[in-house]
Structures are given as structure tokens and as C-alpha cells.
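# A look at the structure
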Amino acid sequence: MSELFLGHPFIAPVIELARQAGEVILPYWRADVAVTSKADDSPVTAADLAAHHLILAGLTALDPSIPVLSEEDADIDQSVRAGWQRWWLVDPLDGTKEFISGSEEFTVNIALIERGRVVFGVVSMPTSGRCYFGGAGLGAWRSDVNEAPKPIQVREAPAVGEAFTVVASRRHSSPEQERLLDGLSEGLGALKLANIGSSLKFCLLAEGSADCYPRLAPTSQWDTAAAQGVLEGAGGEVLELSGEPFTYPARESLLNPFFLALPAKAAWRERLLSLARS
């Protein structure tokens, strides 16, 4: 694998680290795991914390000069984060609610950020061993157990006879998002909705299984960065509703603005942006 990634030496060890995090998560999956609530009422389990500690130790060993911002250790003052030029952005277990419910749709997310932009991201699915990874200018790949990594690419349009597919969250929507979907269907015909949990929504776009992922509901920085790297490597982009690139500045709040994820060369790009602004 290493010859594929001479452009960035951290990708291969981070893939391995995400795999190891999945191994410490799985003993808790579909077990009688205790669930507690954080200050924002989001759930956390021993699996989240076990993965966090493993990833933190691994990333620190890889390069101790690069700070880590993890969902499970996010109480870092904005004044400190503002001085970071390069850092890791980590969700040790993305999709905790899916994990608690027994669903397979949870992931380990690790992204390297430089000056607010994603350098690369790794999204690993512990239950299947599948891993997505990539970054802008680096390409994107999907790796399945006992198979060589395969390059993946967004599709600019559905195949003839296939419906325009929009990725939606199982758990989160909003009136704004429903209006946007109604506007898209007026111009593109009946939409097919693909519901899937966690950062796998971006990965469906990246591998050409869906066309658009509008998110007009709350997310946090660690929810999106790793999968954004995969999508950008596959020829996609993530935009704020203004049309500006979606970035990760050291804001006081770690909540993301609303965003649109789509193929960078989609013919319907401007229509989507117009609907999002209306």
C-alpha cells in the first residue's frame, strides 16, 4: 500500500490506527454497555472512550508535535486552538446512537487538518472492516477485508434510467432541508432517498452510489472532517450554503454551519446552491 501514498506518509499508519480502534470498540457492540450523557445530552459509552484513548496514544506516538481535537476531549479553549497550524480532528466512534441501537452504521473518523482545510481523512467501519480514505489532490480509495484498495470516484450524474439519489440522515432533518429537497425534485424529477448513519453518508457520494448530501441540520467538526477528505479525494466538494468551501477554523463553537456535499463538476451545482440560499 505504501507506494500509493508517498505524497503523505501518515495515511497508512492512520488507517492501521483506525482499524485498531475498531477492534477495541467491537467487544462493546450489541453488549449491555452503559450509556451516559454528556453536557450537550449526546450519549457516550465505554466504547467511545476506549477508542479515544487508543487513537490519542497512537497519534501522539506518530508525531507528538501535532495536537489532537477529539469529540471525547474537546474542552480546549479557542485561544489555544487558534494557534494551531496543523492538528488531528477525531471522532473515535461516529454514530454512537446507531452503535447503541445495534446498527452496523457507525465509524471511526480521523482527519488531518492544516490551516483549516482537510489534508486527508480516514473513515473505518468496524463491523465490516471496510475503510475509506483520501484527500484533495491525493485521490480516494475503498478498502475491504482481504482485498487491495480500490480507487473510488464520484458520479457527475445518475446512470440513464436511475433516479437522482439524495443522502439523508436517519435521525436528523429540518424544514429547510425538506424545502430544498422539494425544490430539487421539481427540477430533477422524483428523488431517491438513501438513509444511512454516521459519516458513511459522504462515502456513498465518494464511491458514486449517490448524488448529493445536503445537511441543513446541526453537526460538529469531528462528524464531517474525515469523510470530507474522502469525498474531496474522489472528486467531490463540501460547500457552505454561500458557496464558499467548507473549512474548519478555530471558532469558539465546534458546531458546523449547514453544508452541501456534491460532485465538484455536477451540472446541477448552481441550482442546488440557489435552492439552498432561498
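I will try to describe carefully the structure that is included in this document. (Residues numbered from 1 in each chain as written. Predicted model: local features only at pLDDT ≥ 70, side-chain atom pairs only at ≥ 80, totals over all residues. Heavy atoms only, no water.)

## Some words on the pattern of salt bridges
- Within this structure, the stated rule accounts for 12 salt bridges.
- Between arginine 142 and aspartate 144 there is a salt bridge, with its nearest N and O atoms 2.9 Å apart.
- Relative accessible area serves as the criterion here: at 21%, arginine 142 is assigned to the partly exposed category.
- The class for aspartate 144 is buried, based on a relative accessible area of 14%.
- A salt bridge links glutamate 207 to arginine 142; the shortest N-O distance between them is 3.1 Å. Taken together, the positions of glutamate 207 in the loop between helix 6 (200-206) and strand 12 (213-215) and arginine 142 in strand 8 (residues 139-143) put the pair 65 residues apart, joining distant regions of the chain. (Salt bridge = Lys/Arg side-chain N within 4 Å of Asp/Glu carboxyl O. Buried < 20%, exposed > 50% of the residue type's maximum accessible area, 1.4 Å probe, protein only. Helix = DSSP H or I, 4+ residues; strand = E, 2+ residues; numbered from the N terminus.)

## As for the sheet that holds strand 12
- As summarised here, the arrangement of the 3 strands in space is 12-14-13, forming an open sheet in which the pairing is antiparallel. One side of each edge strand has no neighbouring strand; the edge strands of this open sheet are strand 12 and strand 13 (236-240). Here the average twist between neighbouring strands, direction ignored, is 15°.
- Across 5 bridges, strand 13 lies against strand 14 (residues 259-263) in antiparallel orientation. Its bridge partner being in strand 14, glycine 236 is matched across the sheet by proline 263.
- Along the sheet face, helix 8 (residues 269-277) touches strand 13 and strand 14 and points at about 170° away from the line of strand 14. (Pairing = 2+ DSSP bridges. Axes fitted to C-alpha atoms, helices over the stretch in contact; angles between N-to-C directions. Contact = heavy atoms within 4.5 Å.)

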